[in-house]
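Residues per chain, in single letters:
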Amino acid sequence: MNKAESAALELLFAERGWTATAEAEHADLVVINTCSVRITAENRAWGRIAHYAALKKRRPFALVVTGCMAERLKREMRERQPAIDYVVGTFQKQAFGLVLDAAASGKRLDEVEESPAYAFASSYYEPGGFRSFLPIMHGCENFCTYCIVPYVRGREVSRDPGTIIAELAELEDRGIREVTLLGQNVSSYRWKEEGAELDFPALLERVAGFLEKRGKGGIRWIRFLTSHPKDFDSRTMDLIASHPLFCRHVHLVAQHGSNRILAAMNRKYTREAYLSLVDELKARVPGVTVSSDILMGFPGETENDVEDTLDLMRRAAYVYSYTYHYNPRSGTPAATMPDQVPDAVKKERLARVIALQRELSRESMKALVGSEVEVLVEDVSKKRADELLGRTQQDMMVVFPGPSSRVGSFARVRLSGLRGNTFRAVEVP
Ligand code: SF4
């Protein structure tokens, strides 16, 4: 989400005549877009802020902090670091233009206004790209007991489907090949129009219908992120199965495999419900891969809970997982729960989860060696200039020989082997 919002900010800057510099050291204005989800992200942001505060002692420029951390800490940020000129929270983004104008004219803007409701930008296009995020909803009201997002991003707001379709057309006209529909919980997308309600599967149908009717063939792949198991349904599965536009990969976040911990996390599903959803998805969508986030060391977690999680991971056979250990976020219910797990124990449990995921990733990838797949070429390989790095629909990385001119195009490849978590491949005609 932050990446998409940074792209929208860059467009706003460009509209007002600002250009990005490769060296922040030469900038007239520095914006730090922050994330609050984990304490490590906040600590990194404070490190960056301290770096620019030191730089400001040598030459003047405007320092702006935006994003979730700005929303969470607001004025406290400037009290802690007076070198910050503006703190622009999640609900103040509409005032960003005023901040830019003030910075350009060298005047100070004393107060940055709050907007009554979250406002989507009109475009999130990153110039020069061939993949794009397209936010369709914002905020979250699931209130998982460990998570700060509902407090810093606010209630769920869905985006007008008319503006989603308009942006899709614009992205296709600009040469985008792959779009990721984005939101904290895309499956709970809801838009009321003419007395009826448009939900997430209906939005997907509208998106596919629009691109099909347009017939340009520019945008070939659509992904979506993130899906909460409580809202993900059979209609969405059938759409993925029936329409080649939708990539056969779902990031269906489990977080944990123990019913006791899932209830304490307020995740609103059981391990049985989650696993039956994964089974149904795999049955309805042949070849689909599933990935997840796994959070270890939640308060009260026992060895049995860890075993349940490892078991759930095996049964779901994740292609990959984002794994992390619990860190209390002040202001969330879990931060004051009893039986906090000691750091060393959290780390040891997380290491077991990571080791298992490595095995699972390798197993699901090994089964595909020898098959032919389509990839979108994303870059030149970091290791060899005559090799390309592509991504499959199932969200797996592939390296194969080819010239850099192919970056941004699709290629058909035969998977010939594995190196770590990346396929080796050769292009087929
Ligand atoms: S679903 Fe839960 S973890 Fe995800 S953003 Fe919402 S509150 Fe946070």
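Owing to the predicted nature of the structure, the values given are computational and were not obtained by experimental measurement.

1. Examining the packing of aromatic side chains
One pass over the full model with this rule turns up 9 aromatic pairs. Ring centres of Tyr269 and Tyr274 lie 6.0 Å apart, and the angle between their planes is 35 degrees; on these two criteria the pair is classed as tilted. Overall, the relative accessible area of 11% leaves Tyr269 in the buried class. Residue Tyr274 is classed as buried on the basis of its relative accessible area of 1%. Residues Tyr320 and Tyr322 carry aromatic rings whose centres are separated by 5.5 Å and whose planes lie at 65 degrees to one another, so their mutual orientation is edge-to-face. Overall, the relative accessible area of 18% leaves Tyr320 in the buried class.

2. Points about the site of the ligand
Taken together, Cys140, Asn142, Phe143, Cys144, Tyr146, Cys147, Val149, Pro150, His228 and Arg267 are the residues near the ligand. Considered class by class, the residues forming the shell around the ligand number 7 nonpolar, 2 polar and 1 charged.

3. Some points on the domain arrangement of the protein chain
Annotation of the protein chain at the domain level lists domain 1 (2-105), domain 2 (131-366) and domain 3 (372-427). Distance from the C-alpha centre of domain 2 to the C-alpha centre of domain 3: 25 Å. Taken together, the contacts link 19 residues of domain 2 with 18 residues of domain 3. Buried surface at the junction of domain 2 and domain 3, both sides included, amounts to about 1700 Å², of which 57% is carbon and sulfur. At the boundary of domain 2 and domain 3, one finds 2 salt bridges. A salt bridge links Glu374 to Arg220; the shortest N-O distance between them is 2.5 Å. Our count for the domain 2 to domain 3 interface comes out at 9 residue pairs in polar contact (both at pLDDT 80 or more). When contributions to the side of domain 2 that touches domain 3 are tallied by element, the ones reaching two or more residues are strand 10 (221-225) and helix 13 (343-366). Take the side of domain 2 that touches domain 3: its biggest share by element is 4 residues, from helix 13.

4. Describing the sheet that holds strand 4 (residues 131-135)
The strands making up a sheet are joined through hydrogen bonds of the backbone, oriented either antiparallel or parallel. Strand order in the open sheet made by the 3 strands is 4-7-10, with parallel pairing throughout. Strands at the two margins of the open sheet, each flanked by one partner only, are strand 4 and strand 10. On average, each strand axis in the sheet is inclined to that of its neighbour by 25 degrees, with strand direction left out of account. Summarising the sheet, strand 4 and strand 7 (residues 178-182) pair through 5 bridges and their orientation is parallel. Residue Phe133 lies in a different strand from strand 7, and its bridge partner there is Thr180. In the packing of helix 7 (residues 161-173) onto the sheet, contacts are made with strand 4 and strand 7, and the angle to strand 4 comes to roughly 170 degrees.

Reading the values: the criteria
Residues numbered from 1 in each chain as written. Predicted model: local features only at pLDDT ≥ 70, side-chain atom pairs only at ≥ 80, totals over all residues. Heavy atoms only, no water. Phe/Tyr/Trp six-rings, centres within 6.5 Å; stacked < 30°, edge-to-face > 60°. Buried < 20%, exposed > 50% of the residue type's maximum accessible area, 1.4 Å probe, protein only. Near = heavy atom within 4 Å. Nonpolar A, V, L, I, M, F, W, Y, C, P; charged D, E, K, R; others polar. Domains from an automatic or database assignment. Contact = heavy atoms within 4.5 Å. Buried area = accessible area lost by both parts, 1.4 Å probe. Salt bridge = Lys/Arg side-chain N within 4 Å of Asp/Glu carboxyl O. Polar contact = N/O pair within 3.5 Å; in protein donor to acceptor, adjacent residues only side chain to side chain. Helix = DSSP H or I, 4+ residues; strand = E, 2+ residues; numbered from the N terminus. Pairing = 2+ DSSP bridges. Axes fitted to C-alpha atoms, helices over the stretch in contact; angles between N-to-C directions.

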